[in-house]
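Single-letter residue listing:
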Amino acid sequence: MKINSVITGTGSYIPTLVKKNFDFLNDTFLNEDGTPFEYENAIVIDKFKSITGIEERRYATPELTSSDLGFFAADRAILDAGIDKETIDYIILAHNFGDVKSNSIQSDILPSLASRVKQRLGIKNPNCVAYDILFGCPGWIQGVIQAEAYIKSGMAKKCLVIGTETLSRVIDPFDRDSMIYSDGAGACIVEAVEGDFETGILSHAAQTNTVDECFYLFYGKSYNKEDKSNIRYIKMFGRKIYEYGLNHVPLAMKTALDKSGVSIDDVKKIFIHQANEKMDEAILKRFYRLYKKAVPKYVMPMSIHKLGNSSVATVPTLFDLVKQGKIENQEINKGDIVILASVGAGMNINAVVYRY
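Here the structure is a predicted model, which is why all the values come from computation and not from measurement.

(A) Broad picture of the sheet that holds strand E1 (residues 2-13). One open sheet holds the five strands; their spatial order is E1-E9-E8-E4-E7, and the pairing between them is mixed. Edge positions in the sheet fall to E1 and strand E7 (129-133), since each of these pairs with one other strand and no more. If you compare each strand with its neighbour and ignore which way they point, the axes differ by 20° on average. Sheet analysis places strand E4 (residues 90-94) next to E7, joined by five bridges and oriented parallel. Opposite Tyr90, over in E7, you have Val129 as the bridge partner.

Here it is in structure tokens:
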């Protein structure tokens, strides 16, 4: 009998505060050197939407932190899986900035967010090991890969993998890129399931490129030169990230798919990190071009239009929403082959081939 690593439950938390594009109309956007944009905000926002696809994004309410969002998603995943929470062997929580309280500049990661979620869940079993991972936006997928390793090695039978972030609290209000980021959380239970038929996680691939790419995403000062504080905000070299993603993510997806032995024609859905609509579309085209195939209709679900980029939360949230039938024209059925893929700070990329 094969031991398969199967996602038996999913859950997500979509924050309730909605920030639409027109809410930025009266903001002051500056260039990196502190000079004002030559275009008025209406034009800036229109160009932003045409590139990213983002119409609105979600922010967490002031009283909630990343670990709170992670708890909500985790609780729903446990309920969906129908398991006893005390039987969970590992809690793997991916984030980037820890718990940042509203109107605060300080990240709080002591104790780990995974430990906080374990406590909120009321898990008393000391053999349930809880820890955080920092892997940029691909963190949740990397957590799934780690869960697969634990299960295949016999070290675990059930793992809870969470991706949670409140990027709205680490953005420079004078930086146009601040419109990209959002908050959210997604989680899943990865469970060891015996069977004659190979299902669940079939294969994976991951890379970290640091020679030239290490600081494509980084912490930097505000573009407001009058700000003399020592506060740092999330910053990025957007064009370099776009090119990196386009050159590396399709290859990671191909590596994972080829390792699985599954034909490209059998892939039903591809869940890509929701960072930029145009980038994801270009990645998809290049991936299918590697197999000399046309991109199938509806193969790539998208949530960025309404939810923005919530980093580690985008893929698990999107997967959960499609599973629940909450994304128009999208569904996954028993036996479907899907690919999960992401790119982010590090620079890191990964991909997982999964039979649902």
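(B) Summary view of the side chain of Glu213. Considering the arrangement of structural elements, one finds Glu213 in the loop between strand E10 (200-208) and strand E11 (217-220). Buried charged residue Glu213 carries no salt bridge. Nearest counter-charge: Lys240, at 10 Å. Within polar-contact distance, the side chain of Glu213 engages the backbone nitrogen of Thr210 at 3.4 Å. There is a polar contact of 3.4 Å between the side chain of Glu213 and the backbone nitrogen of Val211. Leave out the neighbours within four places in its chain, and Glu213 touches Tyr244, Gly346 and Met347.

(C) Inspection of the packing of helix H2 (residues 66-81) against helix H3 (residues 113-121) at higher detail. Close contact between H2 and H3 brings their axes to 9 Å; oriented N to C, the two are set at 55°. Comparing the axis directions of H2 and H3 gives the class oblique. H3 is crossed by H2, and the crossing has right-handed handedness. For the pair formed by H2 and H3, the contact residues are Ser66, Ser67, Asp68, Gly70, Phe71, Phe72, Ala74, Asp75 and Ile78 on the first element and Leu113, Arg116, Val117, Arg120 and Leu121 on the second. Broken down by class, the residue content of the contact of H2 with H3 amounts to seven nonpolar, three polar and four charged.

(D) Focus on the sheet that holds E10. If you walk across this open sheet you meet the four strands as E10-E15-E14-E13, and the pairing is mixed. If you trace the sheet from one side to the other, it starts and ends with E10 and strand E13 (267-272), each paired once. The mean angle between the axes of side-by-side strands here comes to 15°, regardless of whether they run parallel or antiparallel. Helix H8 (residues 314-323) contacts E13 and strand E14 (337-344) of the sheet and is inclined by roughly 140° relative to E13.

Rules behind the numbers
- Residues numbered from 1 in each chain as written.
- Predicted model: local features only at pLDDT ≥ 70, side-chain atom pairs only at ≥ 80, totals over all residues.
- Heavy atoms only, no water.
- Pairing = 2+ DSSP bridges.
- Helix = DSSP H or I, 4+ residues; strand = E, 2+ residues; numbered from the N terminus.
- Axes fitted to C-alpha atoms, helices over the stretch in contact; angles between N-to-C directions.
- Buried < 20%, exposed > 50% of the residue type's maximum accessible area, 1.4 Å probe, protein only.
- Lys, Arg positive; Asp, Glu negative; His and termini not counted.
- Salt bridge = Lys/Arg side-chain N within 4 Å of Asp/Glu carboxyl O.
- Polar contact = N/O pair within 3.5 Å; in protein donor to acceptor, adjacent residues only side chain to side chain.
- Contact = heavy atoms within 4.5 Å.
- Parallel < 35°, antiparallel > 145°, perpendicular 65-115°, else oblique.
- Left-handed = near helix turned anticlockwise from the far one by under 90°.
- Nonpolar A, V, L, I, M, F, W, Y, C, P; charged D, E, K, R; others polar.

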